[in-house]
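# Examining the three-dimensional arrangement
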Amino acid sequence: MPAIEPGKIRNIAVVGHRGVGKTSLVEAMLFQAGKTNRLGSIEQGTTVSDWDDDEHRRQMSLSGTLEHLEWHERKINLIDCPGDAGFQADTFAALRVVEGALVVLSGVMGVEVNSTRVWARAEEYELSRLVFVNMLDRERADFFRVLDAARSQLSDRCVAIQLPIGSEHELSGIVDLLHMSAYTVGADGPQPIPDSMAAQVQEYREKLLDAVVETSEDLMARYLDGEELPAEDVAAALKGAVTRDELYPVACGVATKNLGATALLDLLVEGVPSPARKGTTIEFGDAKQAVFVFKTIADPFAGRISCFRVLAGPVTGDTTLVDPRTHAKERLGQILLLQGKDNEPVDAVAVGDLGAVAKLKDVVTGDVLVDHEVPVEPPHIDFPQPVMSFAISPKAKGDEEKMAAGLRRLSEEDPTLQMRRDPQTGEQLLSGLSQMQVEVAVDRLHGRFHVDVELHPPRVPYKETIRKEARARHRYKKQTGGRGQFGDCEIVITPMEEADDATTYEFVDKIVGGVISQGYRPAVDKGVREAMEHGDLAGAPVYGVRVTLVDGMEHAVDSSEMAFKIAGSLAFKDAYQKADPVLLEPIMELEVTVPDDTVGAVNGDLNSRRGRLHGMEPVGGMTTIRAEVPMAEILTYNQALTSMTGGRGDYHMAFLRYDEVPTHVAQKIIETTKKEREAAKA
Ligand SMILES: Nc1nc2c(ncn2[C@@H]2O[C@H](COP(=O)(O)OP(=O)(O)OP(=O)(O)O)[C@@H](O)[C@H]2O)c(=O)[nH]1
Ligand SMILES: [Mg+2]
């Protein structure tokens, strides 16, 4: 198959809140375009997009899936993105490689937290946007209410391009206001518009025409002259307006009944600009061939599959590109077009098109590969930072390396999934955006990499510091027969300002007259540092301390580095006791968006979690609450929020600063860790 020219391609990310029917809508479009011969369903686990076992089990999309179809001699690439906030990495990456975003809204719920979030990201990338109001067959669905919500919460340049015929379970079709035709359930092809809707259709067509002609001087003049504008001219002007980001057409339908797919596909072809028309903002210098890797799939059989957009090309299987990040040369090898879990080999992919290759060596998501080394700045995809961590360990001893290798592959696939060793506890930590994301990773370790692991509740990274100055002297001495040990030092420890900064420690050498010789003083420093790794309160690392070595003594024969290290360590422990040590805990900045009727319960709950409210902002039926909450209190917030809001709430949080733990809380933590430490010794 020859490469498709850029003017005939449409790249579209299908985005929106969790469970609004994105996957079902993509399924309807694939079916309508003849790519499949039956309409798959989420319930039966038969959609092209959600093909993964984990997706079937949870009945939701967990990663972005590539699909393509042909409609009116155009190739439409669709990326079906997950709506859940825990799986946003693919959504954000997809938005970086498309010209258009199809924002799906629920006809019942309207504009939800994640709809706003993806809208903002699409805005940042200056993408053309179309809105699809889905699920209009459901009880309490209301197209006009959702249209108003979109206009007030997304943009007042949202304009209806379709209308529903009937409502809720009596919904029977849609009207296409641009071509002035109707599509009804069960009928093939366009139908006449029902007479009963004439007045409403007239009203909304005028609104659409007003909006469109306002963006085109030529049309405006003809419109004012009273000319009946042909649909092609209006469509052309609309496309211009959508391309320039001046209008956002709002379509509608019922994905699971394949209602609206035809009109939507027409709209994608007519409304979304091709790569030739809008192009990419990703830099590739003067390279003649270049690709941008926006997604990596960790396939246990095929290895690493890299999905890319061609920035300059075409590229073929023989193309060799260089990765300026690693300077490594990579031959692309067999090029594939992905269709859900299936793939189709092709000879070449042209500029603007999306393709995939397997087994590139060191390429990661976010890399730009070019035909010769040009200094390109890879586009920054601002992935969200992980907010929760779990300690993770293999069930079987000896599986550590297997677990680590699997996790490495999974975090290549999803960069918001991060792995690190906790320097305080030595535990292996897996961090992510939500508890579910981490649980899915665990399932995948089992399913794909055959290693069973356990998740443990995450540990709060407490710290300790001191509140006042203290002085201590310690003499470490063992002089019984043979060569002895002798080290003697006196230190003063002082609290440093800005003690919450992670790196605040300072060692000041104020020895006069060489009472400790130069060679032994760093050993004191080393001993102090070791003692600071586990503070005496709760075994947490100590921060924010200046240690001044003021005096000491040495022995001509028995002194050694070891002896001074021990003396330093013990002197610190003595001084620490006297320096009014306190426990510090991480405070998170929390943003919770919940339905208005649950605000009272959610606020009350935040109070009981030692939360400090900062503000509330109501937006169309939902309220965003901002608060500061200690990390220790919101480790398991997900479940609580789900039960308080019936799953309609959403939250995200980020680290803010360290604060002193209130005495009564600190006491409990200190007692618990004391018991743990004693148990560990026993
Ligand atoms: N009644 C009705 N149900 C729908 C419609 N579209 C989707 N559904 C159902 O809504 C549920 C969610 O649909 P999905 O297609 O998985 O939604 P999604 O937006 O892809 O969900 P995520 O990818 O998890 O964010 C499924 O049970 C679908 O069968 C619709 O138009 N009408
Ligand atoms: Mg989905």
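All chains use their own residue numbering, which begins from 1 and follows the written sequence. Think of it this way: whatever chain is written first is A, whatever ligand is written first is 1, and the rest follow in order. Whole-chain, interface and lining totals are the exception, using all residues; otherwise, since this is a predicted model, local features are given only for residues with pLDDT of at least 70 and side-chain atom pairs are given and counted only at 80 or more. In computing side-chain properties, one takes all heavy atoms of the structure into account and sets aside hydrogens as well as water.

Across its full length, the chain holds 17 helices and 33 strands. Taken over 682 residues, the chain has a buried fraction of 55%. By definition in these notes, contact holds between two residues if any of their heavy atoms fall within 4.5 Å. When contacts within the chain are restricted to residue pairs at least 6 apart in sequence, long-range pairs at least 24 apart make up 73% of them. For the charge count, each Lys or Arg is scored as positive and each Asp or Glu as negative, with His and the chain ends excluded. Charge placement uses NZ in Lys and CZ in Arg. For Asp and Glu, CG and CD serve respectively. Counting 75 positive and 107 negative side-chain charges, the chain places the centres of these two groups 8 Å from one another. Labels follow the DSSP assignment, with helices taken as runs of H or I lasting at least four residues and strands as runs of E lasting at least two, numbered in each case from the N terminus. Exposure categories follow from relative accessible area, calculated using a 1.4 Å probe and restricted to protein chains: below 20% of the type maximum is buried, above 50% is exposed, and the middle band is partly exposed.

Surveying the vicinity of ligand 1 reveals 20 residues, the closest of which are R18, K22, S24, E43 and S61. We define a polar contact as two N or O atoms separated by no more than 3.5 Å, with the added condition that, inside protein, one atom must be a possible hydrogen donor and the other a possible acceptor, whereas residues neighbouring each other in sequence contribute only through side-chain atom pairs. G83 is positioned with one of its backbone polar atoms (N or O) 3.0 Å from an oxygen atom of ligand 1. In this structure, N134 approaches ligand 1 through a side-chain N or O atom, which is 3.0 Å from an oxygen atom. Here the open area of atoms and residues is found with the Shrake-Rupley method and a 1.4 Å probe, where only the protein chains shown may cover a residue. Surface burial for ligand 1 is 91%, taken as the share of its 650 Å² of free accessible area covered by protein chains. No other element matches the 3 residues that helix 1 (residues 22-32) contributes to the shell around ligand 1. Residues are counted as near a molecule or strand when any one of their heavy atoms sits within 4 Å of it.

For the magnesium ion (ligand 2), the full set of protein donor atoms is T23 (OG1) and S61 (OG), and the range of their distances to it is 2.0 Å. Here T23, found in helix 1, pairs with S61, found in the loop between helix 2 (53-58) and strand 2 (65-71); they are 38 residues apart in sequence, far enough to count as distant. Relative accessible area serves as the criterion here: at 6%, T23 is assigned to the buried category. Sites may look incomplete, because water is not among the atoms used; the donor set itself consists of N, O and S atoms within 2.8 Å of the metal (3.2 Å for Na, K and Ca).

Below, the discussion takes up helix 1. Counting buried positions along helix 1 yields 9 of 11 residues, so the element is predominantly enclosed. Of the positions making up helix 1, those classed as buried are K22, T23, S24, L25, V26, E27, A28, M29 and L30. Directly after helix 1, the chain includes G34, whose backbone phi takes a positive value near 80°.

Pairing of aromatic rings covers Phe, Tyr and Trp, the last through its six-membered ring, and needs centres within 6.5 Å; plane angles under 30 degrees mean stacked, over 60 mean edge-to-face, and all others mean tilted. Applying the stated criterion across every chain, the model contains 6 aromatic pairs. Here W119 and Y248 contribute two aromatic rings whose centre-to-centre distance is 4.9 Å and whose plane-to-plane angle is 75°, an arrangement assigned as edge-to-face. Taken together, the positions of W119 in helix 4 (residues 113-124) and Y248 in strand 10 (residues 248-252) put the pair 129 residues apart, joining distant regions of the chain. For the pair shown, W119 and Y248 are each scored as buried. Both rings, one in F143 and one in F144, keep their centres 5.3 Å apart while their planes meet at 85°; by these two values the pair is edge-to-face. You can call F143 buried: its relative accessible area is 2%. Among the aromatic residues, those joined into a ring-pair cluster are F143, F144 and Y204. Throughout this description, the term charge over a ring refers to an Arg CZ or Lys NZ atom that lies within 6 Å of the ring centre and within 35 degrees of the ring normal. Taking NZ or CZ as reference, R121 lies 3.8 Å from the ring centre of F92, over its face. Lying across the ring of Y204, K207 places its NZ or CZ 4.4 Å from the centre.

Right, let's get into helix 5 (residues 143-153). Every buried residue of helix 5 is listed here: F143, V146, L147, A149 and A150. Mapping the buried residues of helix 5 onto a view down its axis gives an arc of 160°, with all of them on the same face. Close packing links the buried residues of helix 5 with strand 4 (100-106), strand 5 (128-134), strand 6 (158-160), strand 7 (162-165), helix 6 (198-213) and strand 10. Backbone nitrogen of F144 and a side-chain oxygen of the N-cap are separated by 3.0 Å at the start of helix 5; the cap is D142. Here, the arc refers to the directions that run from the helix axis to the C-beta atoms.

In this scheme, strands are said to pair when DSSP sees at least two bridges between them. Strand order in the open sheet made by the 4 strands is 26-27-29-28, with mixed pairing throughout. Each edge of the sheet is formed by a strand with only one pairing partner; in this case those strands are strand 26 (470-478) and strand 28 (505-509). The sheet shows a mean angle of 25° between the axes of neighbouring strands, taken without regard to direction. Note on geometry: axes are lines fitted to C-alpha atoms, helical ones only across the stretch in contact, with angles between N-to-C directions running from 0 to 180 degrees.

This part takes up the sheet that holds strand 24 (residues 453-456). Sheet architecture is open: 4 strands sit in the order 22-23-21-24, paired in antiparallel fashion. The open sheet has two edge strands, strand 22 (418-421) and strand 24, and neither has a second partner. When the angles between neighbouring strand axes are averaged without regard to direction, this sheet yields 35°. The sheet contact formed by strand 22 and strand 23 (residues 428-432) spans 4 bridges and is antiparallel. By the bridge assignment for strand 23, R420 is matched with L429. Contacts from helix 11 (residues 400-413) reach strand 21 (388-394), strand 22, strand 23 and strand 24 within the one sheet, and its direction differs from that of strand 21 by about 140°.

Buried residues dominate strand 19 (residues 354-358), accounting for 4 of its 5 residues. Here strand 12 (residues 303-312) runs beside strand 19; their pairing, made up of 5 bridges, is antiparallel. Bridging across to strand 19, F308 finds its partner in G355. With 2 bridges connecting them, strand 16 (residues 335-339) and strand 19 associate as antiparallel partners.

All right, on to the pattern of salt bridges then. A pair can form between side chains of opposite charge whenever their charged atoms are brought close. We define a salt bridge as a contact between a side-chain nitrogen of Lys or Arg and a carboxyl oxygen of Asp or Glu at a distance within 4 Å. Applying the stated rule across the entire model yields 44 salt bridges. In this structure, R222 and E227 form a salt bridge, with 3.1 Å as the shortest nitrogen-oxygen distance. For the salt bridge of R610 with E633, the shortest nitrogen-to-oxygen distance reads 3.0 Å. Note that R610 is positioned in the loop between helix 15 (599-608) and strand 31 (612-619) and E633 in the loop between strand 32 (622-630) and helix 16 (637-645), a separation of 23 residues in sequence. E633 gets classed as partly exposed once you look at its relative accessible area, which sits at 23%. The structure contains a network of salt bridges with shared partners spanning D52, D54, R57, R58, E413, D443, R444 and R448.

A separate point is the side chain of S24. Within the element layout of this structure, S24 appears in helix 1. Sequence-distant contacts of S24, defined by excluding residues within four places in its chain, comprise I42, A255 and T256.

Below, the discussion takes up the packing of helix 1 against helix 9 (residues 261-271). It is the contact of helix 1 with helix 9, at a shortest axis distance of 9 Å, that shows an interaxial angle of 85°. Considering their axes alone, helix 1 and helix 9 lie roughly perpendicular with respect to each other. Touching L25, A28, M29 and Q32 of helix 1 are A261, T262, L264, L265 and L268, all from helix 9. Charged means Asp, Glu, Lys or Arg here, nonpolar means Ala, Val, Leu, Ile, Met, Phe, Trp, Tyr, Cys or Pro, and polar covers whatever is left, Gly included. Its residues assigned to classes, the contact of helix 1 with helix 9 shows 7 nonpolar, 2 polar and no charged. The scheme is simple: roughly parallel for angles under 35 degrees, roughly antiparallel for over 145, roughly perpendicular for 65 to 115, oblique for anything else.

What follows deals with the packing of helix 6 against helix 7 (residues 217-224). The relative placement of two packed helices is expressed as an angle between their axes plus a distance between the axes. Running from amino to carboxyl end, helix 6 crosses helix 7 at an angle of 135°, the nearest separation of the two axes being 8 Å. Considering their axes alone, helix 6 and helix 7 lie oblique with respect to each other. Listed contacts from helix 7 to E206, L209, D210, V212 and V213 of helix 6 are L219, M220 and Y223. Of the residues contributing to the contact of helix 6 with helix 7, the split by class is 6 nonpolar, no polar and 2 charged.

With respect to the element layout, A396 can be found in the loop between strand 21 and helix 11. Owing to a relative accessible area of 36%, A396 belongs among the partly exposed residues under this scheme.

Our focus in this paragraph is a positive patch on the surface. Like-charged residues are merged into a patch within 9 Å and nonpolar side chains (Val, Leu, Ile, Met, Phe, Trp, Tyr) within 5 Å, provided each residue has over 30% relative accessible area and no salt bridge. Together, K573, K674, R677 and K681 make up a positively charged patch on the protein surface. If one sorts the elements of the positive patch by residue count, helix 17 (residues 663-681) sits on top with 3 residues. Summarising the element assignment, R677 is placed in helix 17.

Without other data, these values stay purely geometric and don't point to any function.
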